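Inside the fold
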Amino acid sequence: MDEMRKKLPAVSVAIVRGDTVLLVKRARQPSQGFYAFPGGKVEAGETLEQAAQRELLEETGLRATAYRPLREIHIDGSGDDHPVDYLLTVFGATYAGGEAVASDDAETAAFYTLSEMAALPLADSVFAVAEELLSNAGA
């Protein structure tokens, strides 16, 4: 176990629309080919929330409101031969319009129901977060 591995701050955004959640298929490592919430690295001078907004716009063209941190996840990059680890802050946000269009490092971008998600290769903890959000959305 390499204790010297660098942990970079990263963000992702979970957006609910009706009974669906926005996912992108990752075009790059880590988790290449897996479905995950749009997100990426935090750039110098950005707050976590600013980074989440920028990544959402860059990867999907969508905007959202009411960003709120949901959980922090440690992503071990060594499993993907990735040189760094990430400390990922997952935000929930409210869909504010637009159509999802994949760009930047997203291969696809679309809204999925939980039953559709069950058939997809998902990045770690995506299903648990989506399930939590959708169960709260009805509350």
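Before reading on, note that the structure itself is shown above.
A quick note: this is a predicted structure, and the numbers were derived from the prediction, not measured.

A word on the overall build of the protein chain
- A tally of helices and strands in the protein chain yields 3 helices and 7 strands.
- Traced from its N-terminal end to its C-terminal end, the protein chain shows the element sequence β-β-β-β-α-β-β-β-α-α.
- Since a compact globule built from 139 residues should have a radius of gyration of about 14 Å, the 14 Å found for the protein chain is in line with a globular shape.
- With the C-alpha coordinates of the protein chain rotated into their principal frame, the extents come out at 45 × 35 × 30 Å.
- Going through the 139 residues of the protein chain one by one, you find that 41% of them count as buried.
- Relative to all contacts within the protein chain whose residues are 6 or more apart in sequence, the contacts with residues 24 or more apart total 69%.
- Counting only carbon and sulfur atoms, one obtains 52% of the accessible surface of the protein chain, whose full area is about 7300 Å².
- With 12 positive and 22 negative side-chain charges, the protein chain shows a spacing of 3 Å between the two charge centroids.

Examining the packing of aromatic side chains
- This structure, assessed with the given rule, holds 3 aromatic pairs.
- Summarising the aromatic geometry, the rings of Tyr67 and Phe91 are spaced 6.2 Å apart at their centres and angled 70 degrees between planes, so their arrangement reads as edge-to-face. Here the residue Tyr67 occupies a position in strand 5 (residues 64-75), and Phe91 occupies one in strand 6 (residues 85-95), the gap between them amounting to 24 residues. As far as the burial class goes, Tyr67 and Phe91 line up, both buried.
- Between Tyr95 and Phe111, the ring centres sit 5.6 Å apart and the planes meet at 85 degrees, which makes this aromatic pair edge-to-face. Here the residue Tyr95 occupies a position in strand 6, and Phe111 occupies one in strand 7 (residues 106-112), the gap between them amounting to 16 residues.
- Exposure remark for Phe111: the relative accessible area of 15% places this residue in the buried category.
- Between the NZ or CZ atom of Arg17 and the centre of the ring of Tyr95, over which it lies, the distance is 5.2 Å.
- Its guanidinium or amino end placed over the ring of Phe111, Arg17 lies 4.0 Å from that ring's centre, counting from NZ or CZ.

Some points on the nonpolar core
- Within the largest apolar cluster, 22 residues are counted, with the highest numbers of intra-cluster contacts made by Val21, Leu23, Phe37, Met117 and Val126.
- For this core, the element with the highest residue contribution is helix 3 (residues 126-137), accounting for 5 residues.
- Grouped together as the second largest cluster of nonpolar side chains are 14 residues, Val11, Ile15, Val42 and Ala93 included.

Side note on helix 1 (residues 48-60)
- Given a rise of 1.5 Å per residue, 13 residues ought to cover 18 Å, and the 18 Å separating the end C-alpha atoms of helix 1 matches this to within 8%.
- Those residues of helix 1 not exposed but buried are Ala51, Ala52, Arg54, Glu55, Leu56, Glu59 and Thr60.
- Buried residues in helix 1 make contact with strand 1 (7-17), strand 2 (20-26), strand 4 (39-41), strand 5, strand 6 and strand 7.
- Where helix 1 terminates, the next one or two residues include Gly61, which has phi positive at roughly 75 degrees.

Some details on the pattern of salt bridges
- For the structure shown, the criterion picks out 7 salt bridges.
- Where Glu46 meets Arg54, a salt bridge forms, and the shortest distance between an N and an O atom there is 2.6 Å.
- A residue is classified by how much of its surface remains accessible, and Arg54, at 17% relative accessible area, is buried.

Rules behind the numbers
- Residues numbered from 1 in each chain as written.
- Predicted model: local features only at pLDDT ≥ 70, side-chain atom pairs only at ≥ 80, totals over all residues.
- Heavy atoms only, no water.
- Helix = DSSP H or I, 4+ residues; strand = E, 2+ residues; numbered from the N terminus.
- Rg over C-alpha atoms; globule rule 2.2 N^0.38 Å.
- Buried < 20%, exposed > 50% of the residue type's maximum accessible area, 1.4 Å probe, protein only.
- Contact = heavy atoms within 4.5 Å.
- Areas by Shrake-Rupley, 256 points an atom, 1.4 Å probe, with all protein chains shown as cover.
- Lys, Arg positive; Asp, Glu negative; His and termini not counted.
- Charge placed at Lys NZ, Arg CZ, Asp CG, Glu CD.
- Phe/Tyr/Trp six-rings, centres within 6.5 Å; stacked < 30°, edge-to-face > 60°.
- Lys NZ or Arg CZ within 6 Å of the ring centre and 35° of its normal.
- Core = buried A, V, L, I, M, F, W, Y, C linked by side-chain atoms within 4.5 Å.
- Expected span 1.5 Å × (residues − 1).
- Salt bridge = Lys/Arg side-chain N within 4 Å of Asp/Glu carboxyl O.

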